[in-house]
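Chain residues, written in single-letter form:
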Amino acid sequence: MNGYVYIGLMLIGFLPQAFGQEVNLFEKKIRPFLTQYCVGCHGPEKQKAKLRLDTLDADLLNGNEVDMWQEVLDLINVSEMPPKDAKLQPTAQDRQAAVALLAAEFRKALEARRSSGGRNVLRRLTAYEYNNTLRDLLHLDLKFATDLPPEGLAKEGFKNNSTVLGTSALHIEYFERIARGALGRVLLAPKNKPPVYAVRIDPERAFGKPGEHSANNNKRNRNRGNGVSYNLQPMVDGKPQQKGLFRMEFGELLPDGTGVLLAGNRPKDPVNTPFADDRKIGGAQGDGRSGFQPEFRAEIYEIPHDAPVRVRIRAAAIPGKGNTWPRLSFELGSFRGNGVSDQKEAANVEISSAEMETYEFVVHGANFPFQSNKPSRPSYFRIFNDFRRGTSELTYAELPKLAIDWVEIESNHFPEWPTRQKRAILFDSPNRKNESLYVREVLHRFMARAYRRPVAKHEVERKAVLFERLRPTQQSFEHSMVSTLTAVLCSSHFLLVAEPATQQLVEGEPVQKRKLNPYELASRLSYFLWSSMPDDRLFELAGQGQLQDPEVLTEQVRRMLKDPKAKGFSTHFTSQWLDLAGIRRLAVNPEYFVFQEKTKDLFEEESIRFLHHVLEQNLSIDNFIHSDFVVLNHKLAKHYRIPGISGGFQVRPLGREHHRGGFLTQAGMLFGNSTGSETHPIRRGMWVLERMLDDPPPPPPPNVPDLEEPEAQDEEGLSLKERLVAHTNVQSCRDCHSKIDPWGVAFENYNALGQWREDGQDLNVKPAHQKVLVDPATKLRDGTQFRQLDDLKHYILTKKKDQFRRAVVRKALAYALGRYLDFRDRPAVDSICNTLEKNDDSFQTLLEQVVLSEPFLTK
Amino acid sequence: MKQKSWHLDRRTLLKSMGVTMALPWLECMTLGAEPAAARKRFFGGFFAYGVPMPADDADDRLENGWFPVGTGKDYVAPAMHKSIMPMRDKITFLSGLSHPSMRTTSAHKGADYFLTGADILKTYDKQTISIDQHVAQALGQDTRFQSMILSSFGGVNRPYRSSTLSFDRAGRPIPALNNPAEIFRRMFGATTATERNALANRGSIIDEILGEAKDLNRRLGVNDRRKMDEYLSSVREVEKLTERAVQWQGTPKPKVDTKNLDLNVNVTSPKEYLTVMYDLMALAFQTDTTRVATFQTACEEGGLTDRFPSALGLGNSSHKLSHEKKNYGDVAKYITFLNDMHANFIQKLDSIQEGDGTLLDNTLCFYGCATSKTHRAINYPIILSGGKNLGFQHGAHLNYSDDIPLSNLFVTIANQLSRPTKKFADSTADITEVLS
């Protein structure tokens, strides 16, 4: 039996006090339990089921009987052992104590088994890190990684965990293909600048200025509300191209006739029905916004689509009631036939100047479904005022409007030629004429950024030799450079975050723990906070040897979090920690809800923007559980039925009567842990335990099926809770589920889409399913009563505060390190928790402390 | 300049044929001298979460069950197999077989060991090569791709929730492809000048990467080195793939008509998606692009592939359906759907003429799941089909006792498919009843 409790001991070679206590606990609780209730039938005298417990190899880490022990645990847990007819039966309390202790040991063994010894292990860049790194390395914002195999998830939900980041031949194949494609795009561009395709839109012409022809009377325009149109004339180098079409729906002519006005809603849209669905008029099918609001679009043909596109818009804001300002939004897309179109938003910004100004945007056409699938179908550019009425009662006259004088679209927009990207690699140099010297200069500069550290002369030399070997077979210097730099981008130094020793290691000798060198630290920082490579400033500080200075480090964390690239942290940490992928896994049941698939994007965005706001404002992590503000836009306000919200994403204070605040009331969590039609208290409970309290319940025993998903409201009128109770009356399920279910039941006021409902009727649902019995009152195993979710939130923030804080710290640390934590990380976690407690639990402080922690600074 | 058409030189002729040739003609275009009829192929297919098993005396036994009633030639097949029963003499039902090491495993790990038979009960380190990769070493030499590994989920996912059926010689999972358009591009897409140039340079690039890595490798500790080895062996594998690609460079890829292939579908429409994935495999075999393929129709994990039944109007996840213990109607409908997809594939292979017989006669198809009733990892439901020219004989339901390792069948398969094998995983013998 001894080996069993000494899991910690075998690993670290001494017995920490905590473990010593567990030995006592074992001697006190488990051994007597087994001796008293089990060994009679499974011991020296009898071996029922060929099982003998007193000699069973009890080493849960390396032993051969782990599965048998799991079975023992399960059978005791579900009260199948001792058998019902046994004379001696343990009390429920004794049984639970024994089970809890055994289960805790199983968790510890699991942690030990997957442990990397509390040390970081070399890992490949994740697909999204790879994508961002190429973006920053080549200064080219494209979707590079779409063909890479999907990334797996570690048990804790993180994708950057070394154990799940395999590298297969298929990966290498795609890494090479992607690198070559990207480098070729930059370096093999033609000598002459490609001709610019340009089209200018004077929207007022659609209303037919005096003396000008308007296409307004053609057949297409009949029965189309306010639709007006005219022919566009795109130009390339002064030569007219195939004619396009300008088309406007529901816009107004400016009084002086120099432009048009766009509002976020149509003049006739009803004002007094804030929660009604928008009614679509005309427009193309698909998921676009077309047909819901005033817009205009330019339909154009054969525009270069795989190129930078510059959009210039001359516009002014006409503020609305209550100091509201219009939002300029545009999309690039194309028609796909049968009235179906595909499009993606390229910009969405508030315009807060009442003067006419020129707004300029440059986007890359390849990031949009800009290429039509047939020459006869146009690509298009579409413009909106995205300040929508939402749930406010702003009348059409009171809405903020966008006055647009003209719009210019220019594809093949290259302000410099050769491009900036090309000149960054093939820079000017006095040695340019001397190919041998120049090649080494080019390689040196590129490799130092790609390898994220200074490169040694011999490393550059190797690549230069490769270049010279390839050069005679290649048609140009640039072609040879593409192949050579492809080798750099397939190198282990680029693809792997390695942190090797400086010296050759002696086989079999353990590697001593050491401080990271400044460049390794720069990479850890940038992949943690930006999901990308370090920038020039980090390289500079590393070069000066200053980065390890705690003050400099803290200052850098603050600077990095202000950078737009910090969105990388908010996006990936939030979606992996909260499992926002759950939103995509589920389908909304159309028998229950009228739902637009696009709203799922907003569910994701809400949680990501919320975390980003807490981070930016350095607010307390308590806000994750409950906040007195929400982050939403007009559409989410409709979804949640919060009145008075119009316009784009915004931070809004909100009273308690709206029952919103924190991740726990966001659709991302509530929908992602529903069935798509009904709530799913078990999943929601599991989510709280796993994600917010870091206390995952043990997996269900084998051969015991998952609890059935709750059925639709049944005729007998049992409430969901009553039905859950009925399930948990099954002895074999009750013990575990009494730990999980109450946490989920407290969410019963939120339907499958996360909308508030109260007992009796849920008007958000289609009529056939509106009758509901909502009963969020529940009781934890320790006797704590929750009347509803507010009580649960309060309980976490008071009674479970330490556990919650520790959970957030552990999640952030595991994400920062890219590995599982184990008991060796405990001191670091403790220390971060202490500092945090003294600093108002602010989130930015948490990230700073993670960066300053020993595990983050060492290898 | 005037030239009669029969004066066209052979090269021109071949070129123009490559463009216009209809598929059934492709058998004359192989690289080697080997006649099409001598080709040997293997398909391994998997579905998730087991099958409905009403009791033998239940009223719905033949309506909703998977396993046939009766053994030998006179078995009665339940309704869910209706679509494959026209091929009765080309298929065999197997019951009773399983992988001994994993009989006590908890659920959802089926894809991890279905084709390997490895003992990964306690640790994944003991994972070993899968049967498809084992035979691919013999069958995969004369084709553009050694094997083709597909799954609806794609990638490898994570240990014990594999989204690939195939594992290499070191027991490492091989990522599966799941995007029909990308699979098509790899197999049949035109080779661009850039790709040709890339291929010409790849050897030198790989030499350089491997050379450079040696220095790094010496400075890594044990844990790091394990990950580094993974990277290095993958690079070495690409080296081999490159050699193969160079050999194949001169051979144009088969021209395939995409008219009847909807390459833009995804897993949200299961019927269309599974159809195109099976079609791509049939095309890969027909054009002799590869002779080994595996396809995992769903992952035993949450996610879109678990929602297949709801997309078909059955209102539940396939996991939940598999737990049904009384009313087998819905789960039977879902398995019927998967069976229909599989049956269409087998029938398609059988409809393509090859030599004196059909493509199916030269292809052994192994299809099933690593659990039977509600996640029980014994008595795997298996359908074996095709391979008449490889020595296989069909038409029966063979029921084995619960202690026979499935790997015994793998030994037989390997030996019939030109890969002489005495033992595979934990095999104890071979299984001759499936041979003629």
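Parameters and conventions
- Residues numbered from 1 in each chain as written.
- Chains lettered and ligands numbered in written order.
- Predicted model: local features only at pLDDT ≥ 70, side-chain atom pairs only at ≥ 80, totals over all residues.
- Helix = DSSP H or I, 4+ residues; strand = E, 2+ residues; numbered from the N terminus.
- Buried ≥ 20, exposed ≤ 12 C-beta atoms within 10 Å, placed from the backbone.
- Contact = placed C-beta atoms within 7 Å.
- Rg over C-alpha atoms; globule rule 2.2 N^0.38 Å.
- Axes fitted to C-alpha atoms, helices over the stretch in contact; angles between N-to-C directions.
- Parallel < 35°, antiparallel > 145°, perpendicular 65-115°, else oblique.
- Left-handed = near helix turned anticlockwise from the far one by under 90°.
- Nonpolar A, V, L, I, M, F, W, Y, C, P; charged D, E, K, R; others polar.
- Core = buried A, V, L, I, M, F, W, Y, C linked by C-beta atoms within 7 Å.
- pLDDT = per-residue confidence, 0-100.
- Pairing = 2+ DSSP bridges.
- Expected span 1.5 Å × (residues − 1).
- Bend = angle between axes of the 7 residues up to and from the residue.

Novice: Account for the overall build of chain A, with residues named and values stated.
Specialist: A tally of regular secondary structure across chain A gives 29 helices and 22 strands. A total of 859 residues make up chain A; the buried ones form 44% of that total. In chain A, the share of contacts with a sequence separation of at least 24, taken over all contacts with a separation of at least 6, comes to 71%.

Novice: Lay out the overall build of chain B in plain terms, naming residues and giving numbers.
Specialist: Helix and strand counts for chain B come out as twelve helices and eleven strands. Over its C-alpha trace chain B gives a radius of gyration of 23 Å, about what one expects of a compact globule, namely 22 Å for 436 residues. A principal-axis box enclosing the C-alpha atoms of chain B has dimensions of 80 × 65 × 45 Å. With 436 residues in all, chain B has 49% of them scored as buried. Of the contacts made within chain B by residues no fewer than 6 positions apart, 67% connect residues no fewer than 24 positions apart.

Novice: Talk me through the packing of helix α27 (residues 826-838) of chain A against helix α28 (residues 843-852) of chain A; I want residue IDs and the actual numbers.
Specialist: Residue and element names in this part refer to chain A. At their nearest, the axes of α27 and α28 sit 10 Å apart, and the two run at 150 degrees to each other. By the angle between their directions, the pair α27 and α28 is classed as roughly antiparallel. The interaxial crossing formed by α27 with α28 has right-handed handedness. Of α28, the residues touching α27 (which contributes Ile-832, Thr-835 and Leu-836) are Thr-845, Leu-846, Gln-849 and Val-850. Of the residues assigned to the contact of α27 with α28, the class counts are four nonpolar, three polar and no charged.

Novice: Just give me the short version of the packing of helix α4 (residues 131-139) of chain B against helix α12 (residues 407-416) of chain B, but keep the residues and values in it.
Specialist: Residue and element names in this part refer to chain B. Between α4 and α12, whose axes approach to 10 Å, the crossing angle comes to 15 degrees. Put simply, α4 runs roughly parallel to α12. In terms of crossing hand, the pair formed by α4 and α12 is right-handed. Facing Ile-131, His-134 and Val-135 of α4, the residues of α12 in contact are Phe-410, Ile-413 and Ala-414. Here the residues of the contact of α4 with α12 are counted per class, giving five nonpolar, one polar and no charged.

Novice: Mind laying out the nonpolar core, listing which residues take part and the relevant values?
Specialist: Side chains of nonpolar character tend, in soluble globular proteins, to be buried together. Grouped together as the largest cluster of nonpolar side chains are 147 residues, with contacts concentrated most on Ala182(A), Cys490(A), Leu529(A), Ala812(A), Leu846(A) and Val850(A). If one sorts the elements of this core by residue count, helix α7 (residues 169-187) of chain A sits on top with eleven residues. Among all residues touching Ala812(A), those that are not within four sequence positions of it are Leu846(A), Leu847(A) and Val850(A). Membership of the second largest hydrophobic core comes to 96 residues, among which are Ala111(B), Phe114(B), Leu115(B) and Leu364(B).

Novice: Please provide a residue-by-residue account of unusual backbone geometry, values included.
Specialist: Residues and elements named next belong to chain A. Cis geometry is adopted by the peptide bond preceding Pro-418, which originates at Trp-417 and carries an omega value of 0 degrees. Along the chain, Pro-418 falls in the loop between β15 (401-411) and α8 (420-425). One non-glycine residue, Asp-841, adopts positive backbone phi at about 55 degrees. Structurally, Asp-841 can be placed in the loop between α27 and α28. Judged by local crowding, Asp-841 falls into the partly exposed class, with 19 C-beta atoms found within 10 Å.

Novice: How would you explain the environment of Pro180(B) if you had to name every residue and give the values?
Specialist: Residues and elements named next belong to chain B. When you line up the elements, Pro-180 lands in helix α5 (residues 180-188). When the C-alpha positions of Pro-180 and Leu-280 are compared, they lie 7.8 Å apart, and in sequence the two are 100 residues distant. With near-sequence residues (within four places) excluded, Pro-180 lies in contact with Leu-263, Val-265, Val-276, Met-277 and Leu-280.

Novice: Can you lay out the confidence of the model for chain A for me, pointing to particular residues and giving the numbers?
Specialist: Of all residues in chain A, 89% have pLDDT values of 70 or greater, and the mean over the chain is 87. Here residues 210-225 of chain A is modelled with pLDDT under 50, and outside its nearest four sequence neighbours on either side it reaches 20 contacts, counting other chains as well.

Novice: Please give an account of the interface of chain A and chain B that cites residues and values.
Specialist: Counting residues at the interface gives 50 residues for chain A, matched by 50 residues for chain B. The element contributing the most residues to the side of chain A that touches chain B is α7(A), with seven residues. Here the residues of the side of chain A that touches chain B sort into 23 nonpolar, 16 polar and eleven charged.

Novice: An account of the sheet that holds strand β10 (residues 382-386) of chain B is requested, with residue identities and associated values reported.
Specialist: Residue and element names in this part refer to chain B. Spatially, β3-β6-β1-β9-β10-β2-β11 is the arrangement adopted by the seven strands of the open sheet, whose pairing is mixed. Single-partner strands in this sheet number two, and they are β3 (148-151) and β11 (397-399). In this sheet, neighbouring strand axes are inclined to one another by 15 degrees on average, regardless of whether the strands run parallel or antiparallel. Strand direction decides the pairing type here: strand β2 (residues 91-95) and β11, joined by three bridges, are parallel.

Novice: Tell me about the environment of Arg236(B), and name the residues and values.
Specialist: Residue and element names in this part refer to chain B. With respect to the helices, strands and loops of the structure, Arg-236 is situated in helix α7 (residues 222-248). For Arg-236, a count of 15 C-beta atoms within 10 Å corresponds to the partly exposed category. Between the C-alpha atom of Arg-236 and that of Asp-207, which follows or precedes it by 29 residues, the distance is 9.2 Å.

Novice: Lay out the sheet that holds strand β9 (residues 295-300) of chain A with the relevant residues and their values.
Specialist: Residue and element names in this part refer to chain A. The six strands lie next to each other as β3-β6-β9-β14-β11-β12, forming an open sheet whose pairing is antiparallel. In this open sheet, the two strands that pair with only one neighbour each are β3 (228-232) and β12 (341-350). Across this sheet, the average inter-strand angle for adjacent strands is 15 degrees, counted without regard to direction. Bridge count for β3 against strand β6 (residues 244-249) is five bridges, and the pairing is antiparallel. Along β6, the bridge assignment pairs Ser-229 with Arg-247.

Novice: So what about helix α6 (residues 193-218) of chain B? Which residues, and what values?
Specialist: The terminal C-alpha atoms of α6(B), which comprises 26 residues, lie 38 Å apart, in line with the 38 Å expected from a rise of 1.5 Å per residue. Where α6(B) bends most, at Asn201(B), the angle is about 45 degrees. Burial in α6(B) covers these residues: Ala198(B), Asn201(B), Arg202(B), Ile205(B), Ile206(B), Glu208(B), Ile209(B), Glu212(B) and Leu216(B). Tucked into the core, α6(B) has its buried residues touching α7, α10 (457-470), α11 (477-489) and α12 (492-495) of chain A together with α7 of chain B.

Novice: Before we move on, could you go through the environment of Val829(A) and cite the residues and values that matter?
Specialist: All names here are of chain A. By secondary structure assignment, the location of Val-829 is in helix α27. For the pair Val-829 and Gly-685, spaced 144 residues apart in sequence, the C-alpha separation works out to 25 Å. Here Val-829 is in contact with Arg-806, Val-809, Arg-810 and Leu-813, once residues within four sequence places are set aside.

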